[in-house]
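Listed below, chain by chain, are the residues.
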Amino acid sequence: MNPEKKTTWLTGLSPAELKEVALSAGLKPFAARQMAEWIYRKRATDIGAMTNLSLAARERLREEGWTVGRIEPCDVQVSSDGTKKYLFPTLGGGAIEAVYIPDGDRATLCVSSQAGCKMGCRFCMTGRQGFQHHLTAGEILNQVLAVPESERLTNIVFMGMGEPMDNLEAVLRATEVLTAEWGLGWSPTRITVSTVGVIPPMERLLRETKVHLAVSLHDPFDEERRELMPVQGRYPVREVVEALRRFDFAHQRRLSFEYIVFEGVNDSPRHVEGLARLLKGLNCRINLIRFHAIPDSPLRGVSPERMRWMNGALNAAGITTTTRSSRGEDILAACGLLSTVAQR
């Protein structure tokens, strides 16, 4: 048996792994499906709730150290726009944040995949705090299952703390549970996974799942992007785009490029032309994002007028472009602001 390392959580395990757990507790193989239903569909938080398992079997599971696995958020901040930022302690002794974003009929949860981040992007508070540890698949799913709005969620975005491609095994496990009929049974079109462009795991994610992909682009020119994103030195954006051209984004799956706009850095006609050349012929869209200032950074956001100009210029150049509304900025829940340094 190969349960998730560092934990004895049942949350995050597949039916095949739950079958081995069941057999070790003296249960019949079909008990694996029963446990999966309790964990993922009925959202049980304790083994004692699994009443179609015998009392003796439940006791054996506990004796062997198994728990359902659930960590409740230890803090919540509520924005004036209704966004909520939840703080979770982690099994590795760190802390992470998840952001709930209500928007009409949509209810999106932005989940973290790591405590901290290794990528060191110059405009991101998470990158400034450095890397603490990976989350297990159970901890990723815990964010979905433990927020009070869990039953109302319509979308999941892996855009919280960490680089999902740097913890791909756990992210793949989590997306399998989210989409499998024995799990939460979601359509993969309700899930978006982001990346700064770590090519090999990005390609594996695209081969093995049907979730949407969002790539952090931020500048079409090599040297300029390297100043913003150190990953450019290892995975140049042109190589990232060429890798993406080998996949089909024409049916259901969506490819988007995230583009934070910085005043005097990446907001000129030259950048619009560079983006049009780089992405020509690729079925994709660009999401423009207003920069949220972080302490001791020379970077500055642009005016609303400049954002509208860039949106119009990119659309005129043939690239479907939208401008993402900022949510939760007053509680430091907006793009690039997640950090648990103060809480820790």
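Small disclaimer: the values here were computed from a predicted structure and weren't measured.

How each quantity is defined
Residues numbered from 1 in each chain as written. Predicted model: local features only at pLDDT ≥ 70, side-chain atom pairs only at ≥ 80, totals over all residues. Heavy atoms only, no water. Pairing = 2+ DSSP bridges. Helix = DSSP H or I, 4+ residues; strand = E, 2+ residues; numbered from the N terminus. Axes fitted to C-alpha atoms, helices over the stretch in contact; angles between N-to-C directions. Buried < 20%, exposed > 50% of the residue type's maximum accessible area, 1.4 Å probe, protein only. Parallel < 35°, antiparallel > 145°, perpendicular 65-115°, else oblique. Left-handed = near helix turned anticlockwise from the far one by under 90°. Contact = heavy atoms within 4.5 Å. Nonpolar A, V, L, I, M, F, W, Y, C, P; charged D, E, K, R; others polar. Polar contact = N/O pair within 3.5 Å; in protein donor to acceptor, adjacent residues only side chain to side chain. Disulfide = S-S within 2.5 Å. pLDDT = per-residue confidence, 0-100.

1. A closer look at the sheet that holds strand 11 (residues 285-290)
Here we have ten strands laid out as an open sheet, ordered 1-2-3-4-7-8-9-10-11-12, and mixed in their pairing. Edge positions in the open sheet fall to strand 1 (75-78) and strand 12 (320-324), since each of these has one partner strand only. Here the strands of the sheet are splayed against their neighbours by 20° on average, with no regard to which way each runs. Here three bridges tie strand 4 (residues 106-110) to strand 7 (residues 155-158), and the two strands are oriented parallel to one another. In the sheet register, C110 faces strand 7, and the bridge partner there is V157.

2. Things to note about unusual backbone geometry
At H218, a position not held by glycine, the phi torsion is positive, near 70°. With respect to the helices and strands, H218 occurs in the loop between strand 9 (212-216) and helix 8 (222-228). Looking at H218, the relative accessible area reads 2%, which means it is buried. The phi angle at D296 is positive, at roughly 55°, despite the residue not being glycine. Within the fold, D296 resides in the loop between strand 11 and helix 11 (304-316). Among the residues examined, D296 registers a relative accessible area of 78% and is labelled exposed.

3. A few points about the packing of helix 5 (residues 137-146) against helix 6 (residues 168-179)
Orientation of helix 5 relative to helix 6, taken along the N-to-C sense of each, is 45°, at an axis distance of 8 Å. Taken together, the axes of helix 5 and helix 6 lie oblique to each other. Crossing geometry of helix 5 relative to helix 6 is assigned as right-handed. Between helix 5, through A137, I140, L141 and V144, and helix 6, the contact on the second element is made entirely by A170, V171, R173, A174, V177 and L178. Per-class residue counts for the contact of helix 5 with helix 6 are nine nonpolar, no polar and one charged.

4. A look at the side chain of N266
The topology assignment puts N266 in the loop between strand 10 (255-261) and helix 10 (269-279). Within the structure, N266 has its side chain in polar contact with the backbone oxygen of H218 (distance 2.6 Å). Polar contacts involving the side chain of N266 include one to the main-chain amide nitrogen of F262, which spans 2.7 Å. Those residues in contact with N266 that lie beyond four places of it in its chain are H218, D219, Y259, I260, V261, H271 and M310.

5. Structural notes on the state of the cysteines
Considering all chains together, one arrives at zero disulfides under this definition. Considering cysteine sulfurs only, C335 is the nearest to C110, which forms no disulfide, with 8.4 Å between them. Since its relative accessible area comes to 8%, C110 is described here as buried. Left unpaired, C284 is separated from the closest cysteine sulfur, that of C335, by 18 Å.

6. Thoughts on the confidence of the model for the protein
On average, residues of the protein carry a pLDDT of 93, and 97% of them reach 70 or more. With pLDDT under 50 throughout, residues 1-7 is counted as low confidence; its partners more than four residues away or in other chains account for 18 contacts.

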